[in-house]
Amino acid sequence: MRSKSSTIRTHRAVTTLAALLAGALALSACSSSDNKSGTKEQSSGGQTPAGSTVTLPKLNGAHLEVAAVWTGAEQDNFKKVLAEFEKRTGATVTFVPAQDPIINFLGSKIAGGQPPDVAMLPQPGAIKQAVQQKWAKPLGPDALKELQQNYSQGWQNIGKVDGKQYGVYYKAANKSLIWYNAKVFENAGAKEPKTWKDLLTAAQAVYDSGVTPFSVPGADGWPLTDWFENVYLSQAGPEKYDQLTQHKIKWTDPSVKQALTTLAQIWGKKDYLAGGQNGALQTEFPASVTQTFTGGDQPKAAMVYEGDFVQVNIAETKAKVGTDAKVFPFPAVGATAPVVSGGDAAVILKDSKAAQALATFLASPDAATIQAKLGGYLSPNKNVPISAYPNAVQQKIAKALIASGDDFRFDMSDQAPQAFGGTPGKGEWKDLQDFLKNPADVTGAQAQLEKDAAAAYGNGS
């Protein structure tokens, strides 16, 4: 089980952007009884719009239940995708609101003999747990074909357990973004950086203009892990990232020392952090965002790092995304800019022709394009047109996610044992808070991280 804070963190990372943007656009829904000139009849009896990339079977009389923790506008938008599936197949699909953590919710449903047909699971660990409990069913050939056509190997792999494909990653989050106050950058003559060196140059320009460069939410441990993951992935590379994620290399490894030393170039400069190190350690995530986009020409900070879900907190201010609040990809620290992601995967719990057809549809560009147009959504499907996203900010975020190919990585701390990667006041969260307080002690931070990791992973120090 994950801690509440960790659950909120991941849930936000993969869900809450919808609350901000979904109302901005509407996708006209055709009545399921209509067969207008834009559709064609399938030989199997369903309706397929012209230009569709996926063929689905006739499923008249079939009924499916799909469970997910999504609420509000995001749930409504996903229901529009399910409605299109109903229209094309003749099946009936019911959305089942789930509680977080969804694994516990599913366990109670299965114990009661009423599992949903399909569940949307966050984190690779949740898929693995569903397989270990013998709840999850492997994907069939049609869904596998769609995955192979539309997803990078990396996104396919994180839906696999023991070499078998169980998950279709329908939804993603890009957690490699830095948001900035456009007015402050303009006043400082700062440019969007592409490298870590450029970021330090921009930070100095902002500082020289009289504004503190960074807002860091040190009161919450999880954003600190995300900072580290982006630096480490770019600097050490995907293979080392995987090794550290699995604790196949120690936190005392020179690559960790290099990443912490790099982080200290920002965290170690008191004047670069809103409130200094002590102030940062008292700043929670929502405030780290709002203080960056309030205060007119003198906000408390010019930049704040976190994922696409930052837009939800920006919406609590008067700042407008795309004009007052802008974004750039996390700069390249090494040879390549990092892309750290989160996501939700469709997993079949009750195998049937209809459940397999829904998984196939969710793996297609057709399904993802519907929700992309509605806003508040990112797809790892590389064949969803970037133009489907409703504004320049989301297009930029989606483009960076897809451009990463197989070099993206899933959030490291979300893959770690909860005792190390997901517990407030313990493990990696606490160790990086201590490092933020004293960024000069790289060796001490490494030693404590290794001690806590070894205890949590149980594979020695």
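Being a predicted model, the structure only gives us computed values, none of them experimental.

**Q** Looking at this model, I keep getting lost on unusual backbone geometry. Mind explaining?
**A** With the exception of glycine, the majority of residues adopt a negative phi angle, and the majority of peptide bonds are in the trans configuration. Backbone geometry at Gln123 places phi at a positive 70°, although glycine is not the residue there. With respect to the element layout, Gln123 can be found in the loop between β5 (118-122) and α5 (124-132). The phi dihedral of His247 is positive, around 60°, even though this residue is not glycine. Following the sequence through the fold, His247 ends up in the loop between α11 (238-245) and α12 (254-267). According to the relative accessible area criterion, His247 is buried, its value standing at 6%.

**Q** Please explain the pattern of salt bridges as it appears in this structure.
**A** Where charged atoms of side chains with opposite charge meet at close range, the side chains can pair. Under the criterion given, the structure shown has 9 salt bridges. Across the pair Asp242 and Arg409 runs a salt bridge, and its minimum N-O distance is 2.8 Å. One end of the pair, Asp242, is in helix α11; the other, Arg409, is in strand β14 (residues 409-410), with 167 residues separating them in the sequence. Between Lys430 and Asp434 there is a salt bridge, with the nearest N and O atoms lying 2.9 Å from each other. Linking Lys430 with Asp434, this pair stays in helix α21 (residues 427-437), spanning 4 residues, or about one helical turn.

**Q** Explanation requested: the nonpolar core in the structure shown.
**A** Across soluble globular proteins, you tend to see nonpolar side chains buried next to one another. Core analysis: the biggest nonpolar cluster contains 88 residues, and Phe78, Phe85 and Trp179 have the highest contact counts within it. The greatest single-element share of this core, amounting to 7 residues, is contributed by helix α16 (residues 353-362). Membership of the second largest hydrophobic core comes to 52 residues, among which are Ala202, Phe228, Val333 and Leu449.

**Q** Where do I start with the packing of aromatic side chains in this structure?
**A** The description of an aromatic ring pair uses the distance of the two centres, along with the angle that the planes make with each other. Applying the stated criterion across every chain yields a total of 25 aromatic pairs. Taken together, a centroid distance of 6.3 Å and an interplanar angle of 75° make the contact between Trp227 and Trp267 edge-to-face. Highlighted residues: Trp227 in helix α10 (residues 221-236) and Trp267 in helix α12, separated in sequence by 40 residues. Assigned by exposure class, Trp227 and Trp267 land together as buried.

**Q** Looking at this model, I keep getting lost on the environment of Ala91. Mind explaining?
**A** On the secondary structure map, Ala91 appears in the loop between α3 (72-89) and β4 (92-97). On the accessibility criterion, Ala91 (4% relative accessible area) is buried. Beyond its immediate stretch of four places on either side in the chain, Ala91 contacts Leu59, Ala62, Phe85 and Glu86.

Analysis parameters
Just so you know, the residues in each chain are numbered from 1, in the order the chain's sequence is written. It should be noted that, the model being predicted, local features are given only for residues of pLDDT at least 70 and side-chain atom pairs only at 80 or more, the latter also being counted only at that level, while totals for whole chains, interfaces and linings use all residues. To get the side-chain values, take all heavy atoms of the structure and skip hydrogens and water. To qualify as a helix, a DSSP run of H or I must reach at least 4 residues; to qualify as a strand, a run of E must reach at least 2; elements of each kind are numbered from the N terminus. Here's how the labels work: a residue is buried when its accessible area is under 20% of the maximum for its type, exposed when over 50%, partly exposed in between, all with a 1.4 Å probe on protein chains only. Between Lys or Arg on one side and Asp or Glu on the other, a salt bridge is scored when a side-chain nitrogen of the former is within 4 Å of a carboxyl oxygen of the latter. Among buried residues, the Ala, Val, Leu, Ile, Met, Phe, Trp, Tyr and Cys ones that are joined through side-chain atoms within 4.5 Å form a nonpolar core. Only the six-membered ring of Trp is used, alongside the rings of Phe and Tyr, when aromatic pairs are assigned; centres must lie within 6.5 Å, and planes under 30 degrees apart are stacked while those over 60 apart are edge-to-face, with the rest tilted. Any two residues having at least one pair of non-hydrogen atoms within 4.5 Å are treated as being in contact.

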